[in-house]
Amino acid sequence: MGRKTVRPKVHHDSGKRQTRENTILVASDWAPIRAFDPLVKRDPEAVYGDMLPVLRAADLRIVNCECALTSYDKPVWKSGATFKGEPEHVRGLTVVPFEVVCLANNHVFDYGIRGFRESLNILHQNGIKTVGAGLTEEQAFEPFTILLDKSKVSIMNISEGEDLTAARGGPGVYGWDTDRARFQVQRGKKSGACVIVIAHCGLEYVPYPPNYIVSAFRGLVDAGADCVIGHHPHVPQGIEWYRGRPIAYSLGNFVFYQHTDLYYRKIGFCVGIRIAGKVVTGIDVYPYRITESGVCRLEMGEEQQFRRKLSKISRPLKTPGGAAKAWCAYLAYYGMGGFSAEVLTILERMRSEPEKGAAMFRNRITTPQHYELWRDLLTRIMAGEKAQYSREAYRIVQEWFTRTI
């Protein structure tokens, strides 16, 4: 996919010697929709507010493009909402600039292959590299490799392939093939690269990742990944150091506006990955608030509160079985009531709008985030088991679904 050489920064780690480091800034979901549509058209710099200097300070910037950029106006039938930006919205990426865009997500094919092809052309015409989706299976699964000073970095981008958008011999995204992902990680390490995996996956709005995500992310590190970054849940989730390597389970939203006053859907963070040679030497967290006028850094007091909360939701990841127990707190919160309401909603939609209802049902039984949730809950109900979880974890789940701005 091409290479680029970037001059490194010099960081002092003691008074006696210097280490040469580069920083890769990873941001999550970007979509010029709703309140951000006119803003990105009118003044693309403004949407980033005082986060813009943070973005520009990095040596390489990566963001998830959570929509099609197309003039084509016929959406596909799918489970969730469809998102579309216009070709001119690409200025919102080039103004930073974001050099790499992740495309392995559940919205890049919202306007079919025609919309995806136009999006791909617009990005490439503006000098933006892409990873995670393509017009062929080979393109979709191909990592992006770049040379930062003397550091060879390989970026992989995977997703759950919602709505059956995973590439299988033709256009599509890098779907949930974790065996293939681990093999590619191993191959990247053998080539002498620092391997970073960015994954768009997991259950939306929940503070704790499901068991299958924890297993998959840790499995990628076991295979040799130097850092794993997640997004898609639209809320922040925890960070852990597993076998000495960082995993961030969800960064929350970025330039992605939702009509809600729920606090954690309006808070997110970028991650700065520091690299020296083939090693990730550390990560930096940059939290922000999402407003109708764009994103802005948190004021000192609120930032301290957020960092304490981030530490609290990360705590279960540090103890054996802790992540599984935290997930059980969400199962208890969701419960039979949540499951029944969701099924009834789908059935009603199948009666009123069959195509939409069918897409919703199909997605529930073919996408890991949904069928893993249903399987875990129903298995416990059948066995008459009571989920084991802490009161603190349950309170945090409640907070993520009820706290308002």
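Reading guide: rules and limits
Residues numbered from 1 in each chain as written. Predicted model: local features only at pLDDT ≥ 70, side-chain atom pairs only at ≥ 80, totals over all residues. Heavy atoms only, no water. Core = buried A, V, L, I, M, F, W, Y, C linked by side-chain atoms within 4.5 Å. Buried < 20%, exposed > 50% of the residue type's maximum accessible area, 1.4 Å probe, protein only. Helix = DSSP H or I, 4+ residues; strand = E, 2+ residues; numbered from the N terminus. Contact = heavy atoms within 4.5 Å. Pairing = 2+ DSSP bridges. Disulfide = S-S within 2.5 Å. Patch = residues over 30% accessible without salt bridge, like charges linked within 9 Å, V, L, I, M, F, W, Y side chains within 5 Å. Areas by Shrake-Rupley, 256 points an atom, 1.4 Å probe, with all protein chains shown as cover. Salt bridge = Lys/Arg side-chain N within 4 Å of Asp/Glu carboxyl O. Axes fitted to C-alpha atoms, helices over the stretch in contact; angles between N-to-C directions. Parallel < 35°, antiparallel > 145°, perpendicular 65-115°, else oblique. Left-handed = near helix turned anticlockwise from the far one by under 90°. Nonpolar A, V, L, I, M, F, W, Y, C, P; charged D, E, K, R; others polar. Polar contact = N/O pair within 3.5 Å; in protein donor to acceptor, adjacent residues only side chain to side chain. Phe/Tyr/Trp six-rings, centres within 6.5 Å; stacked < 30°, edge-to-face > 60°. Lys NZ or Arg CZ within 6 Å of the ring centre and 35° of its normal.

## Topic: the nonpolar core
For step 1, the next point in the chain: Counting residues in each nonpolar core, the largest one holds 55 residues, and the members touching the most others are Ile24, Ile196, Ile229 and Ile273.
For step 2, the next point in the chain: For this core, the leading source of residues is helix α9 (residues 322–352), giving eight residues.
For step 3, the next point in the chain: Aside from chain neighbours lying at most four places away, what touches Ile273 is Asn22, Thr23, Ile24, Val26, Ile196, Cys227, Ile229, Val280, Gly282 and Ile283.
For step 4, the next point in the chain: Leu52, Phe98, Ile128 and Ile290 belong to the second-largest nonpolar core, a separate cluster that totals 43 residues.

## Here's the deal with the pairing of strand β9 (residues 144–148)
For step 1, the next point in the chain: On β9, burial follows the alternation: Phe144, Ile146 and Leu148 on one face are buried, whereas Thr145 and Leu147 on the facing-out side are not.
For step 2, the next point in the chain: As judged from the five bridges shared by β9 and strand β10 (residues 151–159), these two strands associate in the antiparallel manner. Within the sheet, the bridge partner assigned to Ile146 lies in β10 and is Val153.
For step 3, the next point in the chain: Between β9 and the antiparallel strand that follows it, β10, lie two residues; Asp149 among them carries a positive phi value of about 55°.

## As for the state of the cysteines
What makes a disulfide is a covalent bond joining the sulfur atoms belonging to two cysteines.
For step 1, the next point in the chain: Counted by the stated rule, this structure contains zero disulfides.
For step 2, the next point in the chain: Of all cysteine sulfurs in the structure, the one in Cys102 sits closest to Cys270, which takes part in no disulfide; the separation is 12 Å.
For step 3, the next point in the chain: A relative accessible area of 0% means that Cys270 is categorised as buried.
For step 4, the next point in the chain: As a non-bridged cysteine, Cys296 has Cys270 as the owner of its nearest cysteine sulfur, 13 Å distant.
For step 5, the next point in the chain: Under the relative-accessibility criterion, Cys296 is labelled partly exposed at 27%.

## What to know about a nonpolar patch on the surface
For step 1, the next point in the chain: A cluster of nonpolar side chains, Leu344, Leu347 and Met350, forms an exposed patch at the surface whose accessible area comes to about 250 Å².
For step 2, the next point in the chain: Its place among the elements puts Met350 in helix α9.
For step 3, the next point in the chain: Taking the relative accessible area as the measure of exposure, Met350 reaches 33% and is therefore partly exposed.

## Structural notes on the packing of α9 against helix α12 (residues 391–402)
For step 1, the next point in the chain: At a closest axis distance of 8 Å, the pairing of α9 and α12 adopts a crossing angle of 60°. Relative to α12, the element α9 lies oblique. The handedness of the crossing between α9 and α12 is right-handed. Listed contacts from α12 to Ala326, Ala329, Tyr330, Ala332 and Tyr333 of α9 are Ala393, Tyr394, Val397, Gln398, Phe401 and Thr402.
For step 2, the next point in the chain: Along the lines of polarity and charge, the residues of the contact of α9 with α12 split into nine nonpolar, two polar and no charged.

## Looking at the side chain of Thr130
For step 1, the next point in the chain: Mapping Thr130 onto the fold places it in strand β7 (residues 129–131).
For step 2, the next point in the chain: Classification of Thr130 by relative accessible area gives buried; the value is 2%.
For step 3, the next point in the chain: Side chain to side chain, Thr130 and His124 meet in a polar contact 2.8 Å long.

## Here's the deal with the pairing of strand β14 (residues 239–242)
For step 1, the next point in the chain: Pairing analysis gives four bridges linking β14 to strand β15 (residues 245–248), with the strands arranged antiparallel. What sits directly across from Trp241, in β15, is Pro246.
For step 2, the next point in the chain: Counted between consecutive antiparallel strands, the loop separating β14 from β15 contains two residues, among which Arg243 sits at a positive phi close to 55°.

## Side note on the sheet that holds strand β12 (residues 194–200)
For step 1, the next point in the chain: Overall, mixed pairing links the six strands, which are arranged β9-β10-β12-β13-β15-β14 in an open sheet. The open sheet has two edge strands with one neighbour each: β9 and β14. Taking the axes of each pair of neighbouring strands and ignoring which way they run, one obtains an average angle of 20° across the sheet.
For step 2, the next point in the chain: Bridge analysis of strand β13 (residues 227–231) against β15 gives two bridges, and the strand direction is parallel. Across the sheet, Ile229 pairs through a bridge with Ala248, a residue of β15.
For step 3, the next point in the chain: Across the sheet, helix α7 (residues 211–222) lies against β12, β13, β14 and β15, angled at about 155° from β15, the strand it touches most.

## Considering the packing of aromatic side chains
For step 1, the next point in the chain: Evaluation of the coordinates by the stated rule reveals 20 aromatic pairs.
For step 2, the next point in the chain: Taken together, a centroid distance of 6.1 Å and an interplanar angle of 35° make the contact between Tyr48 and Phe254 tilted. Of this pair, Tyr48 sits in the loop between α1 (36–42) and α2 (52–57) while Phe254 sits in the loop between β15 and β16 (267–276), and the two are 206 residues apart along the sequence. You'll find Tyr48 and Phe254 in the same group, each marked buried.
For step 3, the next point in the chain: A connected cluster of aromatic rings, assembled from ring pairs, spans Trp327, Tyr330, Tyr333, Tyr334, Tyr389, Tyr394 and Phe401.
For step 4, the next point in the chain: Just above the ring of Phe141 sits the side chain of Arg180; from NZ or CZ to the centre is 3.5 Å.
For step 5, the next point in the chain: Above the ring of Tyr263, the side-chain terminus of Arg403 is found at 3.7 Å from the ring centroid.

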